[in-house]
Protein chains: 2
Amino acid sequence: MSKAPGEFELIARLTARLRRRPGTILGPGDDCAILKPARGRELITIDSLVEGVHFRLDWGSAEALGARTLTVNLSDIAAMGGRPAACVVNLAIRPGLDARFFDRLYAGLGRAAAAAGVDIVGGNVTRAAALSITIALVGAAQGGVMLRGAARPGDHLYVTGTLGDAALGWRILDGKITARGAARRFLIDRFLNPVARVAAGMRLARIRPAPAAIDLSDGLWQDLGHLLERSGVGAEIDAAAIPLSAAYRAVAGDDRTLAIGGGEDYELLFALRAAKSSAELSRRLGVAVSRIGRIVRGRGARLIGADEAGTPALAGWDQLKERE
Amino acid sequence: MSKAPGEFELIARLTARLRRRPGTILGPGDDCAILKPARGRELITIDSLVEGVHFRLDWGSAEALGARTLTVNLSDIAAMGGRPAACVVNLAIRPGLDARFFDRLYAGLGRAAAAAGVDIVGGNVTRAAALSITIALVGAAQGGVMLRGAARPGDHLYVTGTLGDAALGWRILDGKITARGAARRFLIDRFLNPVARVAAGMRLARIRPAPAAIDLSDGLWQDLGHLLERSGVGAEIDAAAIPLSAAYRAVAGDDRTLAIGGGEDYELLFALRAAKSSAELSRRLGVAVSRIGRIVRGRGARLIGADEAGTPALAGWDQLKERE
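Predicted model, so just to flag it, every value in this text is computed and none were measured. (Residues numbered from 1 in each chain as written. Chains lettered and ligands numbered in written order. Predicted model: local features only at pLDDT ≥ 70, side-chain atom pairs only at ≥ 80, totals over all residues.)

Caption draft 1: Focus on the overall build of chain A. Within chain A, the regular secondary structure consists of 11 helices and 12 strands. Buried positions account for 55% of the 324 residues belonging to chain A. (Helix = DSSP H or I, 4+ residues; strand = E, 2+ residues; numbered from the N terminus. Buried ≥ 20, exposed ≤ 12 C-beta atoms within 10 Å, placed from the backbone.)

Have a look at this one:
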């Protein structure tokens, strides 16, 4: 095993193969990075992945971990309809990880950043008991901004993609659920290599009036709850309409518990004033879209047509609660 | 002991008593915060304090810890001459800390932010094995920007304040050095309650040509090394000119080791093309300034007039190295 890298070596590695956007005036190496002011309103978010809480190193590659940390942040920008621009990375490192590990972590992070048009403009490295990666990401909202609080009674509710795959994949990795073959690989991949719906979010934000939206990081039920609370409305969800992948069905059958309560999907949930067909929206956004219910007066969400097996854990999925 | 708070309760606490700048369009509660574009160039930095690495909870108050985490970031903005504007906070929490602790942490952080004109616009909370607080801070540079790479041979080198106090305070708290009375209190306070030189940095950045500057987080010798390396120059430092507090002298006598190699002071080191007296600069910047040497051709720093006791640890002070 090669020697563990020091702080400055790590920062140098992190920033070695950087691509520069025109908006980046000064990248890493000084006390701060310097950016041109955002065109339009600026969006900012922060998120973190912690070893033993959000990932285990033996579950996937270092490259995937680096990419996933950025995806978690990209998804927040996607949920507002913004274009991601630049990020700063705080890396807390523990003993036992060698330079090769960090090279691979940064390679994955760097590729994900390049693919998303994001510059890594700065970083900080500190020691810690467990590995964690914290990214703060800025972006710009040039047209409309999608807010959690914009849903109104009568709006139609949609989600992108399929739900519950990542939660199933996590449980497969954790040994709590057994699966084999292609379904196993698909579900684990959905957990380890989630995709942020950035392009779909930007296209969604062009619709008028601007949709209400949130990304599904904590699970449909919990994130829907945030959207409803901020909007001061309720919702009715058609359990049968919640989109499930073939792999999900192969492993969990009709049990929608994880599709409703499981997190880490990074799909978008959004509410539109005027009904559009799922097919039209899928074409427009470039990703599968399913209509799952509607916004109603009142408070809270009601699940319509759920049999016993499909009754959700109402608190949704929360890593803080799950493991305490 | 009261119950440990959940994630959403914590975020609500963090954001309960927020002051809003005109530049903040949307604060916490959505996927991202929304800011007006920076006026001038935007600065961005990230830094983190980790329990057991940068602090111990029995060393100081939760309020001071919250404030210090922001100060560490403010100091990076100060070193560029910028005006801090808004921050996002990632909090990694461990079991055993109650709601009252987080109330106090956030009270300290909130007061420090208000005093610095900074809005706390977003946050994230995660579980972890140790408490850590990571802040990403954005600001604006309206006039000149001070860079590490701007020093030229012939420039005069200055520092604000006194050096080594925080490093001594840390060692007193850690039981490695003994001190009593007012000196002990002063040195510990310099470690627990550092001040970022934000106003001084903004005034410095108005000087033409713009000074080279860096903040002293890792210690004079190490941070000077960064400035020299980025500028492609060397330096001669007059050991006797390094400013020491009366408390430092009372505890360490003439031993300048920690004033040269010890970190956590958050003073500014800067290089000016035209010599100005320390008295004139002190008046202009509103903080004590000492001239400690000059920039020369070549590489590396040379300490002039150091006796044996004052010979610095050349690598400076690095928390990664110190404890490994």
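Caption draft 2: Local environment of the interface of chain A and chain B. On the chain B side, the residues contacting the 56 residues of chain A number 55 residues. Breaking the side of chain A that touches chain B down by element, the ones donating at least two residues are strand 2 (33-35), strand 3 (41-50), helix 2 (62-80), strand 4 (83-93), strand 5 (119-127), strand 6 (132-141), strand 8 (212-215) and helix 11 (319-322) of chain A. Looking at the side of chain A that touches chain B, the element that brings in the most residues is strand 3 of chain A, giving nine residues. Its residues assigned to classes, the side of chain A that touches chain B shows 28 nonpolar, 13 polar and 15 charged. Pairing between strand 2 of chain A and strand 3 (residues 41-50) of chain B: three bridges, direction antiparallel. Bridging across to strand 3 of chain B, Ile34(A) finds its partner in Leu43(B). (Contact = placed C-beta atoms within 7 Å. Nonpolar A, V, L, I, M, F, W, Y, C, P; charged D, E, K, R; others polar. Pairing = 2+ DSSP bridges.)

Caption draft 3: Structural view of the packing of helix 2 of chain A against helix 3 (residues 99-116) of chain A. Residue and element names in this part refer to chain A. For the pair helix 2 and helix 3, interaxial distance at closest approach is 6 Å and the crossing angle is 40 degrees. Between helix 2 and helix 3, the interaxial angle falls into the category oblique. Considering only the axes of helix 2 and helix 3, their crossing is right-handed. Residues Ala-62, Glu-63, Ala-64, Leu-65, Gly-66, Ala-67, Thr-69, Leu-70, Thr-71 and Leu-74 of helix 2 pack against Phe-101, Arg-104, Leu-105, Tyr-106, Ala-107, Gly-108, Leu-109, Arg-111, Ala-112, Ala-113 and Ala-116 of helix 3. A per-class count over the contact of helix 2 with helix 3 returns 14 nonpolar, four polar and three charged. (Axes fitted to C-alpha atoms, helices over the stretch in contact; angles between N-to-C directions. Parallel < 35°, antiparallel > 145°, perpendicular 65-115°, else oblique. Left-handed = near helix turned anticlockwise from the far one by under 90°.)

Caption draft 4: View of the pairing of strand 5 (residues 119-127) of chain B. Residues and elements named next belong to chain B. Extensive coverage of strand 5 is indicated by the burial of eight of its nine residues. One ladder, built from eight bridges, connects strand 4 (residues 83-93) with strand 5; its direction is parallel. Across the sheet, residue Ile-93 finds its bridge partner in strand 5, namely Arg-127. In this fold, the crossover linking strand 4 to strand 5 by way of helix 3 (residues 99-116) has right-handed handedness. (Right-handed = clockwise from strand over helix to strand, strands pointing away.)

Caption draft 5: Summary view of the sheet that holds strand 8 (residues 212-215) of chain B. All names here are of chain B. Strand order in the open sheet made by the six strands is 8-10-7-11-9-12, with mixed pairing throughout. The two strands at the open ends of the sheet, each matched to only one other strand, are strand 8 and strand 12 (300-304). Direction aside, the axes of adjacent strands within the sheet are offset by 25 degrees on average. Pairing analysis gives four bridges linking strand 7 (residues 156-160) to strand 10 (residues 268-272), with the strands arranged antiparallel. Considered in strand 10, the bridge of Val-159 is made with Leu-269. On the sheet, helix 10 (residues 278-285) packs against strand 7 and strand 11 (289-296) and is oriented at approximately 115 degrees with respect to strand 11.

Caption draft 6: Seen up close, the relation of the copies chain A and chain B. Of the two same-sequence chains, chain A is brought onto chain B (RMSD 0.0 Å, axial shift 0.0 Å) by a rotation of 180 degrees. Put plainly, the chains are arranged around a two-fold axis. Taking C-alpha positions as the reference, the residue of chain A nearest the rotation axis is Pro37(A), at 2.6 Å. Most of the interface of chain A is mirrored in chain B, where 98% of its interface residues again form contacts. (Least-squares fit on C-alpha atoms with pLDDT ≥ 70 in both.)

Caption draft 7: Summary view of the sheet that holds strand 1 (residues 24-26) of chain B. Ordered by their spatial adjacency, six strands build an open sheet running 5(A)-4(A)-6(A)-3(A)-2(B)-1(B), and the pairing between neighbours is mixed. Of all strands in the sheet, those bounded by a partner on one side alone are strand 5 of chain A together with strand 1 of chain B. The sheet shows a mean angle of 25 degrees between the axes of neighbouring strands, direction not considered. Here strand 4 of chain A runs beside strand 6 of chain A; their pairing, made up of nine bridges, is antiparallel.

Caption draft 8: Region of the structure containing the domain arrangement of chain A. Residue and element names in this part refer to chain A. What the domain assignment lists for chain A is domain 1 (7-141) and domain 2 (148-318). Put simply, the middle of domain 1 and the middle of domain 2, counted by C-alpha atoms, are 26 Å apart. Each partner contributes to the interface: domain 1 provides 17 residues, whereas domain 2 provides 18 residues. Among the secondary structure elements, those contributing two or more residues to the side of domain 1 that touches domain 2 are helix 2 and strand 4. With 11 residues, helix 2 is the single largest residue contributor to the side of domain 1 that touches domain 2. Here the residues of the side of domain 1 that touches domain 2 are counted per class, giving 10 nonpolar, four polar and three charged. (Domains from an automatic or database assignment.)

Caption draft 9: Quick peek at helix 3 of chain A. Residues and elements named next belong to chain A. Over its 18 residues, helix 3 extends 26 Å from the first C-alpha to the last, a length consistent with the 26 Å expected when each residue adds 1.5 Å. Within helix 3, burial applies to Phe-102, Leu-105, Tyr-106, Gly-108, Leu-109, Gly-110, Ala-112, Ala-113 and Ala-116. Of the residues flanking the end of helix 3, it is Gly-117, one or two places downstream, whose phi is positive at about 75 degrees. (Expected span 1.5 Å × (residues − 1).)

Caption draft 10: Structural detail: the nonpolar core. In this structure, Cys87(A), Met146(A), Leu269(A), Cys87(B), Met146(B) and Leu269(B) are the most contacted members of the largest nonpolar core, which totals 213 residues. Once residues within four sequence positions are removed from consideration, Met146(B) is found in contact with Ala79(B), Met80(B), Gly81(B), Leu204(B), Ala205(B), Ala210(B), Pro211(B), Ala212(B), Ala213(B) and Phe270(B). (Core = buried A, V, L, I, M, F, W, Y, C linked by C-beta atoms within 7 Å.)

Caption draft 11: Spatial organisation of helix 4 (residues 165-173) of chain B. Counting buried positions along helix 4 of chain B yields seven of nine residues, so the element is predominantly enclosed. Among all positions in helix 4 of chain B, only Asp165(B), Ala166(B), Ala167(B), Leu168(B), Gly169(B), Trp170(B) and Ile172(B) are buried.

Caption draft 12: Geometry of the environment of Asp103(B). Residue and element names in this part refer to chain B. With respect to the element layout, Asp-103 can be found in helix 3. The partly exposed category is assigned to Asp-103, around which 18 C-beta atoms lie within 10 Å. In the structure, Asp-103 is positioned 107 residues away from Ala-210 in sequence and 41 Å away in space, judged by C-alpha atoms.

Caption draft 13: Up close: the confidence of the model for chain A. On average, residues of chain A carry a pLDDT of 90, and 89% of them reach 70 or more. Contacts for the low-pLDDT stretch residues 308-324 of chain A, under 50 throughout, to residues beyond four places or in other chains number 43 contacts. (pLDDT = per-residue confidence, 0-100.)

Caption draft 14: Quick look at unusual backbone geometry. All names here are of chain A. Put simply, Arg-208 and Pro-209 share a cis peptide bond, and its omega is -10 degrees. Within the secondary structure, Pro-209 sits in the loop between helix 6 (198-204) and strand 8. Here the phi dihedral of Glu-264 falls at roughly 75 degrees; this positive angle occurs in a residue that is not glycine. Tracing the backbone shows Glu-264 in the loop between helix 9 (257-261) and strand 10 (268-272). Residue Glu-264 is classed as buried on the basis of its C-beta count, with 24 C-beta atoms lying within 10 Å.

Caption draft 15: Here's a closer look at the environment of Arg208(A). Residues and elements named next belong to chain A. Structurally, Arg-208 is set in the loop between helix 6 and strand 8. You can call Arg-208 exposed: it has 10 C-beta atoms within 10 Å. A C-alpha to C-alpha distance of 17 Å links Arg-208 and Leu-269, two positions 61 residues apart in sequence.

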